[in-house]
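Structural characterization, general
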Amino acid sequence: MSDLIQVSFTPANTLEFPRGSQLLLIGPPGTVKAAFAIRYLSSRLKQKEIGIYATTVWTPKQVREAAIRFCGKVRAKTLRVVDGVSCVTSQASEEPIAFQSLFNLNLISLTLLQTMSDLENGHLCIDSLSTLMIYAEPTAVLKFFQVLSARAKDHKITGIYLLEEGVHDPEIVAALRFSADGVIEVREVEVKGALHHLIRLAYVRGHRVNNRSLLFSENGPYQEFNKE
Amino acid sequence: MSTLLKEGLPQGTSILLVGPPGSGKTSLCLQLALEGIREGCEALYLTTESTPTNILAHAQGVGLFQKDDTTGTKIKFIDAYSWAIGMRKDEYAIDRINNPSDINKVSLVIMNQAQILSPRSLVIVDSVSGLTLASQKKERIRNFIHVLAHRILRQGNRVVFVLEEGAHDMATINSLRSLVQGTIFTRIIDRDGCPLRRELRILSFIGASPKTSWMEMVLGNEGLQLEGG
Ligand SMILES: Nc1ncnc2c1ncn2[C@@H]1O[C@H](COP(=O)(O)OP(=O)(O)OP(=O)(O)O)[C@@H](O)[C@H]1O
Ligand SMILES: [Mg+2]
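Residues numbered from 1 in each chain as written. Chains lettered and ligands numbered in written order. Predicted model: local features only at pLDDT ≥ 70, side-chain atom pairs only at ≥ 80, totals over all residues. Heavy atoms only, no water.

**Let's talk about the overall build of chain A**
As a reminder of what qualifies: To qualify as a helix, a DSSP run of H or I must reach at least 4 residues; to qualify as a strand, a run of E must reach at least 2; elements of each kind are numbered from the N terminus. Buried, partly exposed and exposed residues are distinguished by accessible area as a fraction of the type maximum, computed with a 1.4 Å probe on protein chains only: under 20%, between the cut-offs, and over 50%, respectively. Working rule for contacts: check all heavy atoms of both residues, and any pair within 4.5 Å makes them a contact. Each accessible area is a Shrake-Rupley estimate made with a 1.4 Å probe; only the visible protein chains count as cover when residues are assessed. Positive charges are assigned to Lys and Arg, negative charges to Asp and Glu, while His and the chain termini are left out of the count. By convention, charge coordinates are those of NZ in Lys, CZ in Arg, CG in Asp, or CD in Glu.
Across its full length, chain A holds seven helices and 11 strands. Along the three orthogonal principal directions, the C-alpha set of chain A runs to about 50 × 45 × 40 Å. Looking at chain A residue by residue over its 228 residues, the buried ones come to 59%. Taking all contacts inside chain A whose residues are at least 6 apart in sequence as the whole, residues at least 24 apart take part in 68%. Only carbon and sulfur atoms are counted for the fraction: they give 52% of the accessible area of chain A, which is about 9,900 Å². Taking the average place of the 25 positive charges on the side chains of chain A and the average place of its 23 negative ones, the gap between the two points comes to 7 Å.

**Some thoughts on the coordination of the magnesium ion (ligand 2)**
Residues and elements named next belong to chain B. We count it as follows: Donor atoms are limited to N, O and S found within 2.8 Å of the metal ion, a distance that becomes 3.2 Å for Na, K and Ca. With water left out, some sites might look partial.
Protein coordination at the magnesium ion (ligand 2): the donors are Thr26 (OG1), Glu49 (OE) and Glu49 (OE), at 1.9 to 2.6 Å from the metal. On the criterion of sequence distance, the pair formed by threonine 26 in helix H2 (residues 25–38) and glutamate 49 in the loop between strand S2 (43–47) and helix H3 (52–61) is long-range, its members being 23 residues apart. Residue classification places threonine 26 among the buried positions, given a relative accessible area of 18%. Taking the relative accessible area as the measure of exposure, glutamate 49 reaches 38% and is therefore partly exposed.

**Structural notes on the interface of chain B and chain A**
Selection rule: Summed over both partners, the accessible area lost on bringing two parts together, with a 1.4 Å probe, is the buried area. Salt bridges are identified by distance alone: a Lys or Arg side-chain nitrogen within 4 Å of an Asp or Glu carboxyl oxygen. Whenever two N or O atoms come within 3.5 Å, that pair is a polar contact, provided that in protein one can donate a hydrogen and the other can accept it, and provided that, for residues adjacent in sequence, both atoms are side-chain atoms.
Across the boundary between the two partners, chain B contributes 29 residues, which contact 35 residues of chain A. Buried surface at the junction of chain B and chain A, both sides included, amounts to about 2,700 Å², of which 55% is carbon and sulfur. Sorting the residues of chain B by area buried against chain A places His150, Arg154 and Ile206 of chain B first, and these three jointly supply 25% of that buried surface. Our count for the contact surface shared by chain B and chain A stands at one salt bridge. The partner of arginine 201 of chain B in a salt bridge is glutamate 190 of chain A, and the shortest N-O contact between them spans 3.0 Å. There are 13 residue pairs in polar contact (both at pLDDT 80 or more) connecting chain B and chain A. If you list the elements that add at least two residues to the side of chain B that touches chain A, you get helix H6 (138–154), helix H7 (170–177) and strand S8 (197–203) of chain B. Here the element with the most residues in the side of chain B that touches chain A is H6 of chain B; it accounts for eight residues.

**Here we look at the sheet that holds strand S10 (residues 223–227) of chain B**
Across a sheet, paired strands are connected by hydrogen bonds in the backbone, their directions being either parallel or antiparallel. Residues and elements named next belong to chain B. The condition is simple: Paired strands, in this sense, are two strands between which DSSP finds at least two bridges. Here, axes are lines fitted to C-alpha atoms. For helices the fit covers the stretch in contact, and angles between N-to-C directions go from 0 to 180 degrees.
Taken in spatial order, the 10 strands line up as S4-S3-S2-S5-S6-S1-S7-S8-S9-S10 in an open sheet, and their pairing is mixed. Of all strands in the sheet, those bounded by a partner on one side alone are strand S4 (93–96) and S10. Neighbour to neighbour, the strand axes of the sheet diverge by 25° on average, direction disregarded. Pairing between strand S1 (residues 14–19) and strand S6 (residues 158–164): six bridges, direction parallel. Paired with glycine 19 across the strands is glutamate 164, a residue of S6. Together, S2, strand S3 (76–79) and S4 form the strand contacts of H3, whose direction differs from that of S3 by roughly 130°. Across the face of the sheet, H6 comes into contact with S1, strand S5 (122–126) and S6 while running at roughly 155° to S6.

**Side note on the site of ligand 1**
Residues and elements named next belong to chain B. Cut-off, in case you're wondering: Nearness is judged by heavy atoms alone; a residue qualifies as near a molecule or strand once a single heavy atom is within 4 Å of it.
Surveying the vicinity of ligand 1 reveals 16 residues, the closest of which are Thr26, Ser27, Glu49, Glu164 and Met217. Measuring from an oxygen atom of ligand 1, one finds a backbone N or O atom of glycine 22 at 2.9 Å. Methionine 217 has a polar backbone atom sitting 2.8 Å from a nitrogen atom of ligand 1. Contact with the protein chains hides 74% of the accessible area of ligand 1, taken as 620 Å² for the molecule alone. Those elements giving two or more residues to the shell around ligand 1 turn out to be H2 and strand S9 (215–220). Among the elements that line the shell around ligand 1, the one with the most residues is H2, at three residues.

**Observations concerning the pairing of S3 of chain B**
Residues and elements named next belong to chain B. Quick reminder of the rule: Seen with the strands pointing away from the viewer, any crossover whose path from the first strand over the helix to the second strand runs clockwise is right-handed.
The two faces of S3 match: Lys76 and Ile78 on one face and Phe77 and Asp79 on the other face are all buried. Sheet analysis places S2 next to S3, joined by four bridges and oriented parallel. By the bridge assignment, leucine 46 is partnered in S3 with isoleucine 78. Between the parallel pair S2 and S3, the chain is carried across by H3, and the sense of this crossover is right-handed. Where S3 lies against S4, three bridges are found, and the strand directions are parallel. The residue bridging aspartate 79 from the neighbouring strand is arginine 96, located in S4.

**What to know about the layout of surface pockets**
In this approach, a probe sized like a water molecule rolls over the atoms, and the result shows the empty space that is left. Inclusion rule: Definitions used throughout: a 1 Å grid over protein atoms alone; a cavity as a set of points that fits a 1.4 Å probe which cannot get out; a pocket as an open set with protein on both sides within 12 Å along at least five of seven lines; a lining residue as one with an atom within 4 Å of a point. Grid points are joined across faces, edges and corners, and a volume is the space filled by probe spheres set on the points. Each residue gets one label: Ala, Val, Leu, Ile, Met, Phe, Trp, Tyr, Cys and Pro are nonpolar, Asp, Glu, Lys and Arg are charged, and the others, such as Gly, are polar.
Empty space within the largest pocket amounts to approximately 590 Å³. Along the wall of the largest pocket there are 25 residues; nearest its centre are Thr59, Lys61 and Gln62 of chain A together with Gly12 and Leu153 of chain B. Ranked by residues supplied to the lining of the largest pocket, first place goes to helix H2 (residues 60–71) of chain A with six residues. Residue classes in the lining of the largest pocket are distributed as eight nonpolar, 10 polar and seven charged.

And the structure:
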């Protein structure tokens, strides 16, 4: 197997990251990160793998609907959505898996560990570390990230952790980067008045990666980006 | 172009509306509220910048609705303006907020009113900046938006939070953007010798792919409409 990671679009529309790598998905605010993460999970669901998506901004229903759009109803059933939304409003969740409170990182950690305890080779998305930092001290979130990502790696679960750019203390971002295996970057570019989003795998420790930028679109395939 | 509400804002979403003073944020919100009501939905409108009576008079004055149209009076206003300047309760206000800087209380008042809205209604907070200028802690503002957005979404409604661009630093605006599902930016273009142009740009709704280019907001016979893109 080559150590050159394919970030490019395969015929099956599948992005591949090294198994068990723990990646930060960093980019400006907005929801392209979420859309990217759900789309990534969906592409893995299509390969009959299992995905976990913990959400604090999109409602579980919206996450499922997006997944269904990307990979169809049947496959979307293998998506485990962790509801981090109802606890925000202190309402009971309609989901089987939910956080009790965003203030208690230990409980959040426990819920996630339970959710992935039977998995081997799955995929985990945390949307987002930034939201958690509103409710807990950034240093506590760093610790949370270290614990969770270590366990995910143990299970060979690929982890994608969303982080907003231009919001947090640079020191904490640096510490998170240092603790992660790699970084996926999202960038906004304006072409002829319209805004586009570029995604690239910046690096993964211990791997040689193909880090050219790809144009992200919610509907079509990823494309090479050229400025025209 | 068909209605802004249908074109621009998917059902059940939370939106931040960010722009400089005078760029048409309030006009846009009113247009959205009116469109919603015309389609049989309700609109709850919290205002910090003027009385409901003045807002309606202004809206009619610029042509958002015609003289004999009573749609405007169906907007359910929460008045977070009058009390602060010692005025009596406005006749179009269904509720009022005495101390806009008490964000917990504000949240409660909005929730109480939002709870009894019919599904698919629109809730507008114009503006969050007006509520928080009295040096609220940033964490409190974030929590206010996160909680309120999800309560309203849970009921199947939409919510728009208005933010004055100049009143907050970029990090604050960014962190608030990360708590909602989409952002609309407005801007004014002032070129020598040309009439002012007001434009908007819609960003990032999952599943929907709105045009991301700037579109002009034009006040015409049928209220505010979008052109170009
Ligand atoms: N598309 C438009 N074309 C022409 N005039 C407009 C347009 N939109 C708004 N206006 C006018 O510009 C003025 C400011 O608009 P509006 O109050 O909606 O802006 P705002 O962004 O809410 O301002 P503020 O920051 O003061 O709250 C109003 O007098 C309004 O009538
Ligand atoms: Mg205004």
